[in-house]
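Listed here are the chains, written in short residue letters.
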Amino acid sequence: MLQSLAGSSCVRLVEQHRSAWCFALLVLGYLLYLVFGAVVFSSVELPYEDLLRQELGKLKQRFLEEHACLSEQQLEQFLMRVLEASNYGVSVLSNASGNWNWDFTSSLFFASTVLSTTGYGHTVPLSDGGKAFCIIYSVIGIPFTLLFLTAVVQRIIVYVTRRPVLYFHIRWGFSKQVVAIIHAMVLGFITVSCFFLIPAAIFSVLEDDWNFLESFYFCFISLSTIGLGDYVPGEGYNQKFRELYKIGITCYLLMGLIAMLVVLETFCELHELKKFRKLFYVKKDKEEDQVHIMEHDQLSFSSISDQAASLKDDQKANEPFVNSQSPTSNDSSLNN
């Protein structure tokens, strides 16, 4: 008897705080996922870093042996200056001297990466004025970009997602949830094909040093706005039609970002995902909602009566073929 009462009380306690338990599991799962990623990256990349360090150390030692007139301190000062310039997108290599980082097309590409928060990091402002303008430009531009993308996605999703799902649901009588799931999968496949697979194949042809995996990696890193900057198109030696190529990449990034947001919004509207997300949300107290409704000015009884009276007046004023007559005219007609 006591065990059954204790079990029922535990079940009741879990049900009452279900959202909190789900949220705690969500936080724990996210932390474990972070640790899992750190362990995998460390185990995979650390040996390659060690080999690269050893190779660079051997090259440095061999260079000093072949050039005895040059001290190690002088070489390190030169390398530090070269690496500092490389962090700003300026290279001392002869095959990169023809590419400018701040012509109009490159600046347009940089502005698009800043506003979309991709931020490859291969080109950064050099001057203090450029850094200050970048801050002001980003503070205004990033919310402006979010507003622009939200408005565009809201209009696209009506024609791409909601109307097709409603059409198959009403015209053919299929279940709306099933149609929504199939539509989301088809839309995701089309988006992956048009903005990942096909562009990756194109980049692998246009970029001399990229294979298909590296091109696909660039597309994913860019459209997910991660923007690591290890692969940036249009920076090769003697790139043909570089200005036009940069403008095309800018358009690709904007269109691909919109397509990604449309797909994410389509999946977020699925009934199953909505139910899953609600597991981690805090439920509102009904009493607080009722108090909030009663205290709201627009829903108070006086405002409702005022709104009803104004609606009646508007309806009377907008009624066609009705001649408004004054009380005096009515009285005169009755007397006659």
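Residues numbered from 1 in each chain as written. Predicted model: local features only at pLDDT ≥ 70, side-chain atom pairs only at ≥ 80, totals over all residues. Heavy atoms only, no water.

Moving on: the overall build of the protein chain. Broken down by element type, the protein chain carries 12 helices and zero strands. For the protein chain, the sequential pattern of α-helices and β-strands runs α-α-α-α-α-α-α-α-α-α-α-α. Counting the 336 residues in the protein chain, one finds 22% classified as buried. Within the protein chain, contacts between residues at least 6 apart in sequence are counted, and of these 58% link residues at least 24 apart. When the accessible surface of the protein chain is split by element, carbon and sulfur atoms take 67% of a total near 25400 Å². (Helix = DSSP H or I, 4+ residues; strand = E, 2+ residues; numbered from the N terminus. Buried < 20%, exposed > 50% of the residue type's maximum accessible area, 1.4 Å probe, protein only. Contact = heavy atoms within 4.5 Å. Areas by Shrake-Rupley, 256 points an atom, 1.4 Å probe, with all protein chains shown as cover.)

Attention shifts here to the packing of aromatic side chains. Tallying each qualifying case throughout the model produces 14 aromatic pairs. A ring pair is formed by Tyr 120 and Phe 218, whose centres lie 6.0 Å apart and whose planes are at 20 degrees; its orientation type is stacked. Note that Tyr 120 is positioned in the loop between helix H4 (104-115) and helix H5 (128-171) and Phe 218 in helix H7 (residues 212-223), a separation of 98 residues in sequence. Residue Tyr 120 shares its accessibility class with Phe 218, and that shared class is buried. (Phe/Tyr/Trp six-rings, centres within 6.5 Å; stacked < 30°, edge-to-face > 60°.)

Our focus in this paragraph is the UniProt feature "transmembrane region" (unreviewed entry) in the protein chain. Listed under "transmembrane region" (unreviewed entry) in the UniProt record, and renumbered for this structure, are residues 21-44, 135-157, 178-203, 215-232 and 244-264. End C-alpha to end C-alpha, residues 215-232 measures 10 Å, and it is 50% helix and 0% strand. The span residues 244-264 shows a helical share of 100% and a strand share of 0%, and its end C-alpha atoms are spaced 30 Å apart. (UniProt positions renumbered as here; feature names shortened; annotations may be inferred.)

The next thing to look at is the side chain of Ser 193. With respect to the helices and strands, the residue Ser 193 is situated in helix H6 (residues 176-206). There is a polar contact of 2.9 Å between the side chain of Ser 193 and the backbone oxygen of Phe 189. Ignoring any residue separated from it by four or fewer positions in sequence, one finds Ser 193 in contact with Ile 198 and Pro 199. (Polar contact = N/O pair within 3.5 Å; in protein donor to acceptor, adjacent residues only side chain to side chain.)

Quick look at the pattern of salt bridges now. Within the structure shown, the criterion is met by four salt bridges. Between Glu 49 and Arg 53 there is a salt bridge whose closest N-O contact spans 3.0 Å. With Glu 49 and Arg 53 both in helix H2 (residues 18-66) and four residues apart, this pair spans about one turn of that helix. Its relative accessible area of 57% is what places Arg 53 among the exposed residues. Here Arg 162 and Glu 269 are joined by a salt bridge, their closest N and O atoms 2.6 Å apart. Highlighted residues: Arg 162 in helix H5 and Glu 269 in the loop between helix H8 (242-268) and helix H9 (271-278), separated in sequence by 107 residues. (Salt bridge = Lys/Arg side-chain N within 4 Å of Asp/Glu carboxyl O.)

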